[in-house]
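These are the residues of each chain, in order.
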Amino acid sequence: MNVLVLTGAGISAESGVPTFRGADGLWEGHAIEDVATPEGFARRPQSVHQFYNQRRKQLQHADVAPNAAHLALAEFEQAVMSPHTADDHESANQFLLVTQNIDNLHVRAGSQRVLPMHGELLKVRCIDTDEVFDWTDDLSLDTPHPQDPSNPRARGRLRPHVVWFGEMPIGLDRIARAASTADVFLAIGTSGLVYPAAGIVRQTSPACRRIEINLDDTPASSVFDETIRGKATVEVPQLLDRLAKEWKLG
Ligand code: OAD
C-alpha cells in the first residue's frame, strides 16, 4: 500500500496556528507581495524579518502543540510502515507526508517521512551559500552569520527558510513520484488554491483512492472520490481508524 498525504494550514488551526485565508487568516492585513515574495524581501527586509520573527515566536509558545490529527497521522504512518504490515504481494509499503505548513507540528507529533514543501519556520538559509541552519531566535539585518560571527560583512545574510511566491517549492520530483504510485491520497485542511500543491491530486493515477478532509468545499473537491466535511481533529483520527481496520493494520 502506498500512502500519500498532503496537509495544509487547516490541520494546525486547532493547535493555535492561524490559517492563511478567511477571517483572522494570516494574510488578513498583510499584502502577500510584501511579506511572501523575494521582491518584498528585497524592498523591505526588516519588515519581512519582523513578520517571520513573530510567527517563529508564536510557534514556540507553550500553548502551540500537535493536535489529535497530527498525532493520528504519526501513529498511522507507524502502522503502515511496520514490518508486519506487508500488502498481499509482500512488497514494502510506502508513506509520504507532504505538508505545506512551515510549522514543525508533524515532526513534533512523531511523523518521520515528512516533506515540508514550503520550507520550515525554525530554519534559516544563508543568502550567499544556500546553507540551512536550525534557528529559534529572531532574525535581523544585524544577525551575525553562525559560521563567521566576527565578520561584520557576513551580518544580515540569513533569510527565513520558507518558500515565497515565485520560488520553487521543495521536493517536487519526489512528490510527483509518490503521487504517481499512490494507492491512497489524503488532502487535509488545504484550500486547494495554491499550486503546485493544489495540482498533486491530479498527478495521482485513476486507480488511486482520493479523500479530502476540510471544514468546507474547496475548488478541488470534485476531483476527490470521498470528501469529508468537519474538523481535522475529529475527522482525521476517525478516517485513519477506518482505513487501519480496512487494511487490517496492527
Ligand atoms: P489556507 O489558509 O488557504 O486554507 C486552509 C484550509 O483549511 C481552508 O480550506 C479551511 O476550510 C480549512 N480548515 C480550517 N480549519 C480547519 C479545521 N479545523 N479542520 C479542517 N479544515 C480546516 O491554507 P493552505 O491551503 O495550507 O503558501 O494554504 C496553502 C498555501 O498558501 C500555504 O502553504 C501558503 C499560503 O499562501 C506559501 O506561503 C508559499
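The structure we're discussing is the one just above.
Below you will find a few notes about this structure. (Residues numbered from 1 in each chain as written. Predicted model: local features only at pLDDT ≥ 70, side-chain atom pairs only at ≥ 80, totals over all residues. Heavy atoms only, no water.)

## Side note on the packing of aromatic side chains
Part 1 of the argument: Counting across every chain of the model gives 6 aromatic pairs.
Part 2 of the argument: Centroid distance F76 to W247: 5.8 Å. Interplanar angle 40°. Geometry classified as tilted. One end of the pair, F76, is in helix α5 (residues 68-81); the other, W247, is in the segment after α9 (232-246), and 171 residues separate them in sequence.
Part 3 of the argument: Among the residues examined, F76 registers a relative accessible area of 5% and is labelled buried.
Part 4 of the argument: Overall, the relative accessible area of 18% leaves W247 in the buried class.
Part 5 of the argument: Ring geometry for F185 and F224: centres 6.1 Å apart, planes at 20°, overall stacked. A residue pair is termed long-range when its members are at least 10 positions apart, and F185 in strand β7 (residues 184-188) and F224 in the loop between β8 (209-214) and β9 (226-229) qualify at 39 residues. (Phe/Tyr/Trp six-rings, centres within 6.5 Å; stacked < 30°, edge-to-face > 60°. Helix = DSSP H or I, 4+ residues; strand = E, 2+ residues; numbered from the N terminus. Buried < 20%, exposed > 50% of the residue type's maximum accessible area, 1.4 Å probe, protein only.)

## Structural notes on unusual backbone geometry
Part 1 of the argument: Cis rather than trans, the peptide bond between Y195 and P196 has omega equal to 5°.
Part 2 of the argument: Locating P196 in the fold gives a position in the loop between β7 and α8 (200-203).
Part 3 of the argument: Its identity is not glycine, yet D130 carries a phi of approximately 70°, on the positive side.
Part 4 of the argument: Tracing the chain through its elements places D130 in the loop between β4 (119-126) and β5 (132-134).
Part 5 of the argument: Residue classification places D130 among the exposed residues on the basis of a relative accessible area of 52%.

## Considering the environment of V114
Part 1 of the argument: Tracing the chain through its elements places V114 in strand β3 (residues 114-116).
Part 2 of the argument: Classification of V114 by relative accessible area gives buried; the value is 19%.
Part 3 of the argument: For the pair V114 and Q54, spaced 60 residues apart in sequence, the C-alpha separation works out to 24 Å.
Part 4 of the argument: Here V114 is in contact with L97, T99, H106 and V107, once residues within four sequence places are set aside. (Contact = heavy atoms within 4.5 Å.)

## What to know about the site of the ligand
Part 1 of the argument: As a structural note, the neighbourhood of the ligand is formed by 23 residues, with F20, R21, T190, S191 and N214 the closest of them.
Part 2 of the argument: A distance of 3.2 Å separates an oxygen atom of the ligand from a polar backbone atom of G189.
Part 3 of the argument: Interatomic distance of 2.6 Å between a side-chain N/O atom of S191 and an oxygen atom of the ligand.
Part 4 of the argument: Burial of the ligand by the protein amounts to 91% of the accessible area it has alone, namely 800 Å². (Near = heavy atom within 4 Å. Polar contact = N/O pair within 3.5 Å; in protein donor to acceptor, adjacent residues only side chain to side chain. Areas by Shrake-Rupley, 256 points an atom, 1.4 Å probe, with all protein chains shown as cover.)

## Re the side chain of T7
Part 1 of the argument: On the secondary structure map, T7 appears in strand β1 (residues 2-7).
Part 2 of the argument: The exposure class assigned to T7 is buried, which follows from its relative accessible area of 0%.
Part 3 of the argument: Looking at T7, its side chain comes within polar contact range of the side chain of T99, at 2.7 Å.

Scope: geometric values only; no functional claims are made or implied.
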